[in-house]
4 protein chains.
Amino acid sequence: MDTPEKYSGFRAAGGRLSEPLRPELERHRSELMLHKLEAIHAFDKAHVVMLTEEGLIDGESGRAMLAGLLELEEAGIVEARLAAQGGLHSGEHYLTEKLGAHVGGQIHLGRSSADLSGVSRRIVTRDKLLQVLAELNKVRLAIAETASRTREVLLPSYTYGQHAQPTTYAHWLAMWSEVFARDFVRLKAALDATNRSPAGAAAVTGSDFALNRERTAQLLGFDKPLGNTMDATLSNDSFQECAAAMRILAGNVARLAEDFLFWSTIEAGVLTIPDRFCDTSSIMAQKRNPYVLHEMRALSVIANSALTATFDAETGATGQAVLARKIAEEAMWSLFAKALLRLQEMSDLIPSIVLHAERMSDLAENHWSQATDLAGALVRDGGLNWRAAHQLVGSLVRQCEERGLRPAQVTLDMIEAVAAERGMAVARLTPVQLAQALSARQGAYRRRGIGGPAPERVAVDLAAAIDQMQRDETDLARYRARLGDSAAALVRAANEIVAS
Amino acid sequence: MDTPEKYSGFRAAGGRLSEPLRPELERHRSELMLHKLEAIHAFDKAHVVMLTEEGLIDGESGRAMLAGLLELEEAGIVEARLAAQGGLHSGEHYLTEKLGAHVGGQIHLGRSSADLSGVSRRIVTRDKLLQVLAELNKVRLAIAETASRTREVLLPSYTYGQHAQPTTYAHWLAMWSEVFARDFVRLKAALDATNRSPAGAAAVTGSDFALNRERTAQLLGFDKPLGNTMDATLSNDSFQECAAAMRILAGNVARLAEDFLFWSTIEAGVLTIPDRFCDTSSIMAQKRNPYVLHEMRALSVIANSALTATFDAETGATGQAVLARKIAEEAMWSLFAKALLRLQEMSDLIPSIVLHAERMSDLAENHWSQATDLAGALVRDGGLNWRAAHQLVGSLVRQCEERGLRPAQVTLDMIEAVAAERGMAVARLTPVQLAQALSARQGAYRRRGIGGPAPERVAVDLAAAIDQMQRDETDLARYRARLGDSAAALVRAANEIVAS
Amino acid sequence: MDTPEKYSGFRAAGGRLSEPLRPELERHRSELMLHKLEAIHAFDKAHVVMLTEEGLIDGESGRAMLAGLLELEEAGIVEARLAAQGGLHSGEHYLTEKLGAHVGGQIHLGRSSADLSGVSRRIVTRDKLLQVLAELNKVRLAIAETASRTREVLLPSYTYGQHAQPTTYAHWLAMWSEVFARDFVRLKAALDATNRSPAGAAAVTGSDFALNRERTAQLLGFDKPLGNTMDATLSNDSFQECAAAMRILAGNVARLAEDFLFWSTIEAGVLTIPDRFCDTSSIMAQKRNPYVLHEMRALSVIANSALTATFDAETGATGQAVLARKIAEEAMWSLFAKALLRLQEMSDLIPSIVLHAERMSDLAENHWSQATDLAGALVRDGGLNWRAAHQLVGSLVRQCEERGLRPAQVTLDMIEAVAAERGMAVARLTPVQLAQALSARQGAYRRRGIGGPAPERVAVDLAAAIDQMQRDETDLARYRARLGDSAAALVRAANEIVAS
Amino acid sequence: MDTPEKYSGFRAAGGRLSEPLRPELERHRSELMLHKLEAIHAFDKAHVVMLTEEGLIDGESGRAMLAGLLELEEAGIVEARLAAQGGLHSGEHYLTEKLGAHVGGQIHLGRSSADLSGVSRRIVTRDKLLQVLAELNKVRLAIAETASRTREVLLPSYTYGQHAQPTTYAHWLAMWSEVFARDFVRLKAALDATNRSPAGAAAVTGSDFALNRERTAQLLGFDKPLGNTMDATLSNDSFQECAAAMRILAGNVARLAEDFLFWSTIEAGVLTIPDRFCDTSSIMAQKRNPYVLHEMRALSVIANSALTATFDAETGATGQAVLARKIAEEAMWSLFAKALLRLQEMSDLIPSIVLHAERMSDLAENHWSQATDLAGALVRDGGLNWRAAHQLVGSLVRQCEERGLRPAQVTLDMIEAVAAERGMAVARLTPVQLAQALSARQGAYRRRGIGGPAPERVAVDLAAAIDQMQRDETDLARYRARLGDSAAALVRAANEIVAS
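As the structure is a prediction and not an experimental result, all values here were calculated from the model.

Calculation notes
Residues numbered from 1 in each chain as written. Chains lettered and ligands numbered in written order. Predicted model: local features only at pLDDT ≥ 70, side-chain atom pairs only at ≥ 80, totals over all residues. Heavy atoms only, no water. Contact = heavy atoms within 4.5 Å. Buried area = accessible area lost by both parts, 1.4 Å probe. Salt bridge = Lys/Arg side-chain N within 4 Å of Asp/Glu carboxyl O. Polar contact = N/O pair within 3.5 Å; in protein donor to acceptor, adjacent residues only side chain to side chain. Helix = DSSP H or I, 4+ residues; strand = E, 2+ residues; numbered from the N terminus. Nonpolar A, V, L, I, M, F, W, Y, C, P; charged D, E, K, R; others polar. pLDDT = per-residue confidence, 0-100. Expected span 1.5 Å × (residues − 1). Buried < 20%, exposed > 50% of the residue type's maximum accessible area, 1.4 Å probe, protein only. Least-squares fit on C-alpha atoms with pLDDT ≥ 70 in both.

**Student:** Residue-level account of the interface of chain C and chain D, with values.
**Tutor:** Taken together, the contacts link 95 residues of chain C with 95 residues of chain D. In this assembly, chain C packs against chain D so that about 8,100 Å² is buried in total across both faces, 53% of it on carbon and sulfur atoms. Applying the counting rule to chain C against chain D returns 16 salt bridges. Joining chain C to chain D, the criterion identifies 50 residue pairs in polar contact (both at pLDDT 80 or more).

What follows is the structure in C-alpha cells.
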C-alpha cells in the first residue's frame, strides 16, 4: 500500500492546465455540495459494488475501496467528506489520501462529475419530496379533522374581497382538502419523474467499460436507468417539474395564509392566532403580529425566486447549463427546508386557531350575502324569471342600505314596492318563505349538492378526502419501504465484498 | 312572447348601482372572451338541457331557449355572440333580445359568471392541450424517423460549450425523444387536472336549486365535477400546472433551437437550415437568418412571461384573483397558439435539415473528444489506475496542442514519454489498441450500454420511443373519441328538448 | 418614371433565397409594427431629408421620395402603410409601388431593419413615457389636494396587517406623494436613456456612405446619436430600464389599490368606492365589486409579465436577441396602455372616494394603537426606562383585552398594579398626562417632526410635494416643446426639399 | 448600576404574549442580520448621540451607553453582537447584559425595529453599490485599454447568430464601454435613491419625543431624511430600483460572457481563455472548460432570482411586506457578493484573453460580411439604386456559394452576368473599386462616422469613454470622502459625550 499522501485533486495535480485556478472559482468544487454529500457517498458505494461485481476492477481493489468508504462512514459522512475537499470527488480524495492513488484512483472509472451531480441531485430531491409529501398528509389530516368539528360555523364567502354567499368554515377548509390533494398528485408525479437513474451515463455518452446501469440504479433505489445517456446528464426538466410543483404548493400555502391574515385583522375579528405563532413589537407594546402567517405568505416569494433560478439556469444550448444548475439546486434546497417548516407549523396552527363564531355569523347574516337566495325564492315562489328577480333584489339591497336596514328587516311590502317601481308582477311569498330566504344559515344548509356547504354534505366530502389521504399515505409508506430495501441491499452488497 | 327588445345587460339595467361604469372598465365583459365563446355556448346549452331535464325550468322555456341557441349557432357562434356584447353573458343577451326577458332571463338560473369563467377556461385549455399533444407526437415521430437514418453521423457532444465525447446525431436526437416523451406525460397530467367540471358551483357555494352537476359535467365532456364548490370557482392551481408544463416544453423547444443555432453558424458549419425557414436582410445581401430557430428560441420568452402572469395573478386571499386571472388566460391562449406553430414547424424542419457529415466527423475526430477512451485503454491495457491514466492523457493533450499535433498523430512513444515525466509505469499498448482508442467513431460505436450512442443501441432505443409514442397517440385518439361522444350527446339532448 | 408595379418585398423579389418563407414566419414583417408605424414614417422622412441634404442621393430622387411620403401622410399613415405590407419597410413598399423601384429603391441607402427597429422603438417608448409622466403628475396633484382636506381624518396605520400607530388619511396620502415623485424621477431617467438616436448605425457598424447622424437625430427629436454603432442596434438595456421603472410604478399602483381594497371591505368599512368604479354580479344581487381596484392591482401582473419578457428577450450572445425583442415590445406597449388607463382612473378615484371618518376614528382610538405613547408618557413622566415602560404597557394591554376594556377605560391604578406585579417603581401620571397619552388623535397630532402626521406638518410637506410636482410639470412642458420644435423642423426641411 | 443580568429579549421577558414563540420562527431575530450588524451598530451610536445631544435622555445614560458601545466595538462588532442574540436589538441586549436594564433599556427610545431595518438595509446597500461602482470603473478601464491596442484586429459582427458586417475587436469592446457607462449611471441613480434616512420614522409615524432626524441622518452619511415617516419604513421602491439596476448589469455581464463563450469554442477558434479561468474534467482529460464565463453567465440567473424576490416581497397592502423583505435582502446581498467577484475577474480576464487575429480576419474576409459594401459600390459607381444593388449582390452570393467561390474570387464579369439575368443595367466598376468593396478590412476602416469601427474613430470614442470614466471615478472618490467625514463626525461626537 502507498503511504498516505496529501492529494490536491485532479485539476491541481494534473497536466492539462498550466495555472492554478483563480481561488474564487474553486468554490463549485465544494461549497455547494453540503446537501448532497450523503447521496454522493451512496453513489460511491454503489458504483464500486457494481464495478467489482462486473469485474471491471479487481476484487482486492473493490474490497479496499469499500472498506475505506465504510471507515469514512464511521467517521461521519459529512465531516469526513468536508475534510476531504467536500465536493463531488470527496470519496476519491478520501481514499487517495488514506489508501494511496493506486486504490483511490480507481473509483472514478467509467464515471464523471456529471453523473455524480445528477445522481446526487435526484437522490436529494427524492428525499426532500418524500418529506414534503409526508408533512402534506399531516396538514390534510389536520384540515379534515378541524373541518369535521366546524361544519356549523357560519361564514360569508368572498369574491373580489366582498361578501359573496354564506358558507361554513368547514366548507372553506374542505376546499383546502381538495387543493392539497392535488398538490400531492403533482408532487408525486414530480417524484416519479425524478427517481430515474443517470448513473452510468458518465459525462454524456456512457462508458466503453461495460457498466451495469440497472444494478447501480437498483442499489440506489431508482425506479430504472434513464433511457438516453445524453439526456441523463444534460436534460433537467424533471427538476423544473419539481420546482413548478413546489411553486404551486407555496402559492397555495400563501393563499391560505392570506385568508387567515384578513380574518385575524382587528377589523375582521373572525379568529385569533395563538401566541406561539405571534411576535410583538420593540416599540408598539400592543402588537400581536402573526409571524407564522407572514412566513407562510413569504414561502411563495422563496418559491418564485427558486422557480426563476431553476428555469433561467437551463437557457442556452445543450450542455451550457451545468454550472448555473448549481444555483438552482441551492435555491431549491432552501425552498424545501422552508416548505417543511411551514407545513409543520400548519399542522399545529390549523387545529389551534380560535374561531369567533358569533362575529362570523354576524358577518354572514347582516351584510346581504343571502341576496342570491332571496332572488331564488322570488323565482320559485314569486313567479319571476331569474334576471327579473335578481334585478329586484339589487334595487331592494340598495334601498335598504340607504335606509340603514338589515336583511332581517326586509318585509314583503318592501319587496312588492320595489317590484312595482320596476313594473314587475311578483307573487307574494309566505312569511316562512321570506324568513327562509333571508336566513344565511339556512341558505348554506340548503346547499346539499356535490361539494356544497350543507353540514351533512361536507361530512360526506370530508370522509372521501380522509379516505384519499389515507390511500396516499399507504402509497408513501410502500415507497419508503422500497427505498429501505434498496438501502439495505447496498449495505449487504458492500459488506459482502468487504468480507470476501 | 315579449317584443324583442334592446337589452343593455344586468348592470346597466339593474338597480344595484347608481352610476354607469367607467367605459374602460367595461372591457372585461367582452374583450377577453373571444377564445372562449364556443365553450360558453356549449355551457349555455348544457345548462339549459340540465335545467329542463331536472324540471328547474318549465319545458316550454327550455325549448324556447334551446331553439334560440340553435338559431344563434346557425348565425355563427362567434359572430352572433360578439354582436350580443360578446362576453360571458352573450347567450342571455341574445335570448333576451330575440325572445324577451321572460325567456332570456331564465338562462342564468343557478349559475354565475364564476362558473361560466371556469367552465370555459377549462374547455379551452383542454382543447389547446389536446392540440399541443397531437402536434408533439408528430414531432416525436419526425425525431425518431430522422434519427433512424442518422445513426452513423458522427458528432462531438458538448459540455460547458466545449467538446466532450464523440456521439452521433441520432443519439442526440434520441435525447429529444426522451425529453418530449416526458413533456407528453406532464401535459397529459395537466389535461387530467384541467378536465374537471366547475359547472354548478355557481359563484362559490353552489345553488339552492337542485342542479345536477354530474349531468352538466357529462354533457360538456368533463371527467367529473370538482368536489368542492368554493374550490371549483376560486382555486386555479390546475391552470398553473398547465402553464408550468407549457413553460417546460417551451424551454425544451428553445434548447433544441439553440443547438441548431450553434451548428448553423458559419464557424460550426455543421448543418444548413432550408431557405423556407430563413430570411435575408434589408441591407446585408449575404444574409440567411434562420428565423425559425429564433422563433423557437423566443417561445420560452413567451412562456416565461405567461408563467409569470399565471402565478402572479393568484396572489392574495381567496377570491381576490378573479380579474387578474383573465390576464393570465390571455397570455396562455397566446402561448398555446405560438407553441402550436413552433411544433408544426419542427415537424417540417427536423427531417429537412441538411447535415454536413464530413465536417461533423472532422470535429469529432480531430479535437480530442476521444481523450476519455485513450485513458480507458491505458487502464484496460496499460495497467494504470483511472486517475493516473486520466492525468497522463491530460498532459499528452496539452503537449500535442502546443506542438500542433492532431489525435491521429499520437504515438506510443509519446505516451510513454509523458508517463516517464510523471513517474508512471505504463504497459505498451498494441498499435491496434492505440488506433481503436484514438478513433472517435469507434469510441461512439463501442458504447452499447443502455442509452448509449452505438448505432445498434440507438436503433433499439428508438424502437421503444416510437412504440411509446404510438401508445400515447392511441390514448389521445380515445380521449378525443370520448369528447366526441359527449358533444354528440349534448346535440342529441338539446334537439330532443327542442323537438318535444 | 417606371409604371407603378406590384412590389413583393426584397426577400420574395430577391435572389438570395430559393424558397418562399413559411407563411407563419412572415408576421414579423408586419403584425407587430402597428404601434410603430408613425415613428417609422418620421424616420423615413428624416432619413431622406438627410440623404438629400448630404448629397448622398440626387435632389430629384429626394424630392420625389419626400413628395411620395407626404402623399402617404395624406392618405393616413397607418392605413397607407398597412396597405403596403405594414412593416418596417412599408415606406419602401409604398414608394416602389407608387413611383417605381428606381425611386423607392433608394430610400434604404445606408440604413437597415435594425436601425429602423431601434429608432421606432425609442420614439414610441419616448412618447409613451411622456404620456405616463403627464398622467402621473395629475395623480400627484389629486393626491396632494385630497390630502390637504383630510389632514384631520384619523386612522390607524398598519404593519404586519395589524394596527400600528395612529395617523391621518392625509399622512397616508402624503406617503404616496413621495412614492410617485420617485416614480417620476425613475421614469424621467428612463426617458433620458431612451432618447438617444441609433439612426445611422445601420445593421451594426454604420455605413460607408457619409451619413450625418447628428442631423437625423435632431430631426427626430433625439438628444444625440448613440456613441457606438454596434451598441446602438444590439444593446437594449435602456428598454430594460423602462420596463423596470414601469414595473416599480405598477407595484406602487397595486399597493395603493390593496390599501383601498382592505378599507373597502365590509369588515373594515373605512371608505366607499363610487359606483362608477364598481360592478355587480350576475347572480349575487347585493354585490358592489370595486373593479377599478382589481384593475389597478392587476397592473403589476401585466408589468411583471412584461418585465420578464423584456429581460428574457436579451439572453444569449450579442445579436441573438433581435426577434425576441419584438415580443418584449408588444408586452411593453400593452403595459403602457394599461398603465395610462389606471393613472387616469386614479385621478378620478382618489378625490371621489367617500371616507367614513367616524369608523376610522373608532378604529384608531379603541384598539390600542396609542400604546406606544402610553409607554412614552411612562418614560417622560413616570420615570421608567423605555424598555420597562414598553413591557408594562404590553402587560396592561393583555390584561385589558382579557377583561374586555378599551383604552379609554385604563386607570392610573391599573397601571400601578401592573408595575407592582412586574416589580417596577413608576411615578403616578397626572390624569391629564394619562388622557393625553391615551388619545390616539392627540398622539398623531403631537408628531410634528419631519414627515410626521401632525396636520400642520402634513401641510408643510404637501406644499413641498406640490411645488416639486409643478417643477416636474414645467420640465415636461419644456421637453414636449423641444420635441415639437424638432417635429416642425422635419416638416419644414421636407417641405423645402419638395418645393426646391 | 444593576448587576449584569441574563436578558432574554423583550418578547420573552414581556407581558404581551403568553406562550414562547415557536423556535423556528425566532430566526428572523438573528439569522438574517449578519450583513447588517455593522450598520446596526452605527445607528445605535448615532441614535444615542442624538438622544443625548437633544436632551431626550440624560447625559449620564448617554455616556454609559456610548461607552458600552465602544467597548462592544473593541470586542469586535460582529462577534459581540452575535453573542448578544445577533439581531436588530443586539445593542440593547449587549448593554442590558453588561450595564443593566436601566441603561440598556433606554437605547430604543423613539425607535423601532422598522427604522433599524430600514437604516441598516440602506447603509449596506449603499456600501455594496459603492463597491460595485468602483469595480465597474476598473472594468471600464480594462476595456478601454484593451480596445486601444486591438483597433486593427478585424472581426465579423453578428446578428441572428450569422455574420453581419466586418468590424474590429476594439469596436466590439467600445460597445461595452457604452454599456457599462450606462450601468454606472443607473447604479449611481439607485445609490442616490438609497441614501436617504428613515431614522426617526420609528415604526410608521415617527415619535412624540422630539427626535432630530437631520442630525441622525448626517451622522450616518445619508443625504437627508426621507420626507414622510410612513414612506420611510413601509415603502421599498428604492431597493427595487437597486435590484433592477443590478439585474441589468448582470444581464450585460452575461451577454459579454456569451460572446466569449462562442468565440472560445473549438468551432470558432477566435480566442483562448487563460488556464487560471478554466477547469478540466474528472473524466474527459482534454477538457478546458472556461468556468469564469459560466460564472459570468450565471450571474444573470442569480440576479433574476433576486429581482423576482425583491418584487414579489412587496405584494399586498402597505405594511404587509416587512418579513418577506428580509428574503429579498438576503438574495440581494448574495447577488452583490457574486457581482463583485465577477467584475474583479473581468478586470483580469479582458486584458489577458489571447486573440487569434488570423482566424478572426479569415472569418471576416471569407464569408461575405463585405456584401453590404459591394452593393454600396454598385450604387456609388455602378449606377444602381440601392435595392437593385442589394438584390444583385444577394444573387451573386448565392451563386458563389453554390460554386464554392470566396468573395476574393468575384469578378466584374460575374457581377455583370447576374445583372443581365435580373435585367439590370450596371456600370462596370474599376478593378480598384471592386477590390476595395471586397475587402472586409477596408470596409471596416472606411466607417469613420460617429461610433463606427474605423481605427481612428474608435480612438476618439475610447478617449471620450476614458474621460467619462475618470469623471465618474472622481465623483465616486468625493462621495466616499463625504461618507468618511460623516463617519469621523460620528466617532467624534460619541467620543465627546463619553469624555464629557
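**Student:** Account for the interface of chain B and chain A, naming residues and giving values.
**Tutor:** Facing the 96 residues of chain B at the interface are 96 residues of chain A. Together chain B and chain A conceal approximately 8,100 Å² of surface at their shared face, both sides included; 53% is due to carbon and sulfur atoms. Of all residues in chain B, Arg16, Asp208 and Ile450 of chain B give up the largest surface area on contact with chain A, accounting jointly for 9% of the area buried on that side. At the junction of chain B and chain A, the tally comes to 16 salt bridges. Where chain B touches chain A, the interface holds 50 residue pairs in polar contact (both at pLDDT 80 or more). In terms of residue count, helix H11 (residues 237–263) of chain B provides more of the side of chain B that touches chain A than any other element does, 11 residues in total. By residue class, the composition of the side of chain B that touches chain A is 34 nonpolar, 37 polar and 25 charged.

**Student:** Any chance you could break down the confidence of the model for chain A for me, citing the residues and the numbers?
**Tutor:** Of the residues in chain A, 98% have a pLDDT of 70 or more, and the chain-wide mean is 95. Predicted as a complex, the structure gets a pTM of 0.97 and an ipTM equal to 0.97.

**Student:** With reference to specific residues and values, describe helix H3 (residues 59–75) of chain B.
**Tutor:** All names here are of chain B. Counted at 1.5 Å a residue, the expected span for H3 with its 17 residues is 24 Å, and the 24 Å between its end C-alpha atoms agrees. Residues of H3 that are buried include every one of Ser61, Gly62, Met65, Leu66, Gly68, Leu69, Leu70 and Leu72, and no others. Looking at the packing, one finds that the buried side of H3 touches helix H2 (37–53), helix H4 (77–83), helix H5 (90–99), helix H6 (101–104) and helix H20 (455–499). With its phi angle positive at about 100°, Gly76 sits one or two positions after the end of H3.

**Student:** Give a detailed account of the environment of Ala285 of chain C, specifying residues and quantitative values.
**Tutor:** Turning to its location among the elements, Ala285 of chain C is positioned in the loop between strand E5 (271–272) and helix H12 (291–312). Setting aside chain neighbours within four positions, we find Ala285 of chain C in contact with Ala371, His390, Val393 and Gly394 of chain A, Arg16 of chain B together with Thr280 of chain C.

**Student:** Account for the relation of the copies chain C and chain D, naming residues and giving values.
**Tutor:** Between the two copies, chain C and chain D, the superposition gives an RMSD of 0.0 Å; the rotation angle is 180° and the shift along the axis is 0.0 Å. Such a turn and shift between the copies fits a two-fold axis. When C-alpha distances to the rotation axis are compared across chain C, the minimum falls at Ala244 of chain C, with a value of 3.1 Å. When the interface residues of chain C are mapped onto chain D, 100% of them again fall at the interface, so both copies present the same face.

**Student:** How would you explain the pattern of salt bridges if you had to name every residue and give the values?
**Tutor:** Applying the stated criterion to the full structure yields 164 salt bridges over all chains. Measuring nitrogen to oxygen at the nearest pair gives 2.7 Å for the salt bridge that ties Asp348 of chain B to Arg22 of chain C. Placement of the pair is Asp348 of chain B in helix H13 (residues 322–352) and Arg22 of chain C in the loop between helix H1 (10–13) and helix H2 (37–53), with the two residues belonging to separate chains. By relative accessible area, which is 22% here, Asp348 of chain B ends up partly exposed. Judged by its relative accessible area of 16%, Arg22 of chain C is buried. Across the pair Arg186 of chain C and Asp183 of chain C runs a salt bridge whose closest N-O atoms are separated by 3.1 Å. Of this pair, Arg186 of chain C and Asp183 of chain C both sit in helix H8 (residues 169–194), separated by 3 residues, roughly a single helical turn. For Asp183 of chain C, a relative accessible area of 0% corresponds to the buried category.

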